Amino acid sequence: MSRRRMVYEGKAKILYEGPEPHLLVQYFKDDATAFNAEKKAVLDGKGVLNNRISEYMMTRLGEIGIPHHFVKRLNMREQLIKKVEIIPLEVIVRNVAAGTMAKRLGLEEGERLPRAVVEFCYKKDELGDPLVAEEHISAFGWATPPEVDDMVSLALRTNDFMCGLFAGVGIRLVDFKLEFGRLFENETVRTILADEISPDSCRLWDMDTNKKLDKDRFRRDLGGVTEAYSEVARRLGILRDSGDGADVVDFKGGSK
Ligand code: 5GP
């Protein structure tokens with residue numbers, strides 16, 4: 001690992017050059033940050049869980065025709081991905097009022113929204129990733145109108161699929177954040193899903209108890225962060241019970 005050239009280091013992941021020019025290796029760190037990195041911690045095993053959960057989500061989404069960057073999992077913390085040019089936007093889909101939307105619009109957290117709402121934030125740490133309108137996106141050239149259409153439609157399809165997937169294991173998908181990239185192939189450019197889909201980027205509540213099974217446990221000092229991520233992985237069938245009560249990663253399943 002030390003010999004590879006690092007391409008980019010983010011708050012929770014590192015990108016290294018891949019074995020071919022069109023590929024990268026995405027490494028999942030245990031680092032957790034919140035509130036624009038004002039709050040930091042290292043959570044043992046978080047990177048391993050997010051690597052597995054993101055692999056699972058991207059693979060399932062690929063099966064219904066959502067294009068994504070995931071190629072294969074390499075080991076506990078790394079996956080091979082397609083190199084894309086990241087579109088500098090966070091695409092947030094919300095089903096239930098929570099987080100910044102609840103605060104901004106004075107909604108009660110937990111209130112179901114009349115329909116799924118898609119928001120865009122400009123990816124700029126210095127500004128705290130501000131909410132932007134489609135007007136800003138086209139005026140400043142962050143994405144073209146057809147790319148915005150692609151992102152909205154892929155985000156809503158992803159939402160429909162993930163709502164069902166999580167509902168099947170007793171979890172309410174409150175909201176989540178996606179990132180997209182431009183994949184240059186031959187003479188064409190395609191908009192594909194990039195980054196990760198994990199409890200770091202989703203709000204996931206137990207359907208019966210409303211227990212938070214996501215990064216809000218870290219943001220709000222609720223404790224039991226990796227235990228909650230393990231619970232998500234276990235319900236999705238990514239982790240199995242070893243028989244002595246300890247969850248273990250099932251190395252046979254899930255990766256190709
Ligand atoms: P909110 O805008 O309410 O803070 O977040 C909405 C959803 O997007 C939540 O599921 C949250 O986890 C996710 N999200 C928003 N911004 C970020 C970010 O910068 N990083 C990650 N990992 N998730 C984010």
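The rules behind each value
- Residues numbered from 1 in each chain as written.
- Predicted model: local features only at pLDDT ≥ 70, side-chain atom pairs only at ≥ 80, totals over all residues.
- Heavy atoms only, no water.
- Helix = DSSP H or I, 4+ residues; strand = E, 2+ residues; numbered from the N terminus.
- Contact = heavy atoms within 4.5 Å.
- Axes fitted to C-alpha atoms, helices over the stretch in contact; angles between N-to-C directions.
- Parallel < 35°, antiparallel > 145°, perpendicular 65-115°, else oblique.
- Left-handed = near helix turned anticlockwise from the far one by under 90°.
- Domains from an automatic or database assignment.
- Buried area = accessible area lost by both parts, 1.4 Å probe.
- Buried < 20%, exposed > 50% of the residue type's maximum accessible area, 1.4 Å probe, protein only.
- Pairing = 2+ DSSP bridges.
- Near = heavy atom within 4 Å.
- Polar contact = N/O pair within 3.5 Å; in protein donor to acceptor, adjacent residues only side chain to side chain.
- Nonpolar A, V, L, I, M, F, W, Y, C, P; charged D, E, K, R; others polar.

Student: Whenever I open this one, the environment of M57 confuses me. Can you help?
Tutor: Residue placement: M57 occurs in helix 1 (residues 46–63). Along the backbone, M57 and E196 are 139 residues apart, and their C-alpha atoms lie at a distance of 8.7 Å. If we skip the residues at most four places from it in the chain, M57 touches M162, L165, F166, I197 and L236.

Student: Explanation requested: the packing of helix 1 against helix 6 (residues 225–235) in the structure shown.
Tutor: Think of two packed helices as two axes; the pair is described by the angle between the axes and how far apart they sit. Taken N-terminus to C-terminus, the directions of helix 1 and helix 6 make an angle of 25°; their axes are 10 Å apart at the nearest point. On the basis of their axis angle, the class for helix 1 and helix 6 is roughly parallel. Crossing of helix 1 against helix 6: the hand is left-handed. Of helix 6, the residues touching helix 1 (which contributes K46, L49, N50 and I53) are T226, Y229, S230, V232 and A233.

Student: Explain the domain arrangement of the chain to me, please; I cannot follow it from the model alone.
Tutor: How big an interface is tends to be expressed through the accessible area that disappears when the partners come together. Each assigned domain of the chain is listed here: domain 1 (6–84 + 225–249) and domain 2 (85–206). Distance from the C-alpha centre of domain 1 to the C-alpha centre of domain 2: 18 Å. Each side of the interface is counted separately: domain 1 has 28 residues, and domain 2 has 30 residues. Both faces combined, the contact of domain 1 with domain 2 buries some 2,600 Å², and carbon together with sulfur accounts for 64% of it. The largest per-residue losses of area from domain 1 upon contact with domain 2 belong to P67, V84 and R235, which jointly make up 26% of the total buried on that side.

Student: Just checking my understanding: could you explain unusual backbone geometry for this structure?
Tutor: In most cases, non-glycine residues show a negative phi, while peptide bonds are predominantly trans. The phi angle at F35 is positive, at roughly 50°, despite the residue not being glycine. Tracing the sequence through the fold places F35 in the loop between strand 4 (31–34) and strand 5 (39–42). Of note in this structure, A37 is not a glycine but carries a positive phi near 70°. Topologically, A37 is positioned in the loop between strand 4 and strand 5. Among the residues examined, A37 registers a relative accessible area of 26% and is labelled partly exposed.

Student: Whenever I open this one, the sheet that holds strand 6 (residues 70–73) confuses me. Can you help?
Tutor: The strands that make up a sheet are held in pairs by hydrogen bonds between backbone atoms, and each pair lies either parallel or antiparallel. If you walk across this open sheet you meet the 5 strands as 1-2-3-7-6, and the pairing is antiparallel. Both outer strands of the open sheet, strand 1 (6–9) and strand 6, are each paired with one neighbouring strand and no more. For this sheet the average axis-to-axis angle between neighbouring strands, irrespective of direction, equals 25°. In this sheet, strand 2 (residues 13–17) lies alongside strand 1 in antiparallel orientation, the contact comprising 3 bridges. Looking across to strand 2, one finds that Y8 is bridged to L15.

Student: Looking at this structure, I do not really get the pairing of strand 7 (residues 78–82). What am I missing?
Tutor: For a regular strand, side-chain orientation follows a simple rule: the groups alternate between the two sheet faces. Counting buried residues along strand 7, 4 of its 5 residues qualify, which places the element largely inside the surrounding structure. Note that strand 3 (residues 23–28) and strand 7 share 5 bridges and pair antiparallel. By the bridge assignment for strand 7, L24 is matched with I81. Judged from the 3 bridges that link them, strand 6 and strand 7 form a sheet pairing that is antiparallel. Residue K72 lies in a different strand from strand 7, and its bridge partner there is L80. The turn joining strand 6 and strand 7, which pair antiparallel and follow one another in sequence, is formed by 4 residues.

Student: Whenever I open this one, the site of the ligand confuses me. Can you help?
Tutor: Taken together, 14 residues sit near the ligand, with R94, T100, D175, R203 and R219 positioned nearest. Taking S201, its main chain carries an N or O atom lying 3.5 Å from an oxygen atom of the ligand. Those elements that place two or more of their residues in the shell around the ligand are strand 9 (89–96), helix 2 (99–105), strand 12 (171–185) and strand 14 (202–206). Here the shell around the ligand is composed, by residue class, of 3 nonpolar, 3 polar and 8 charged.

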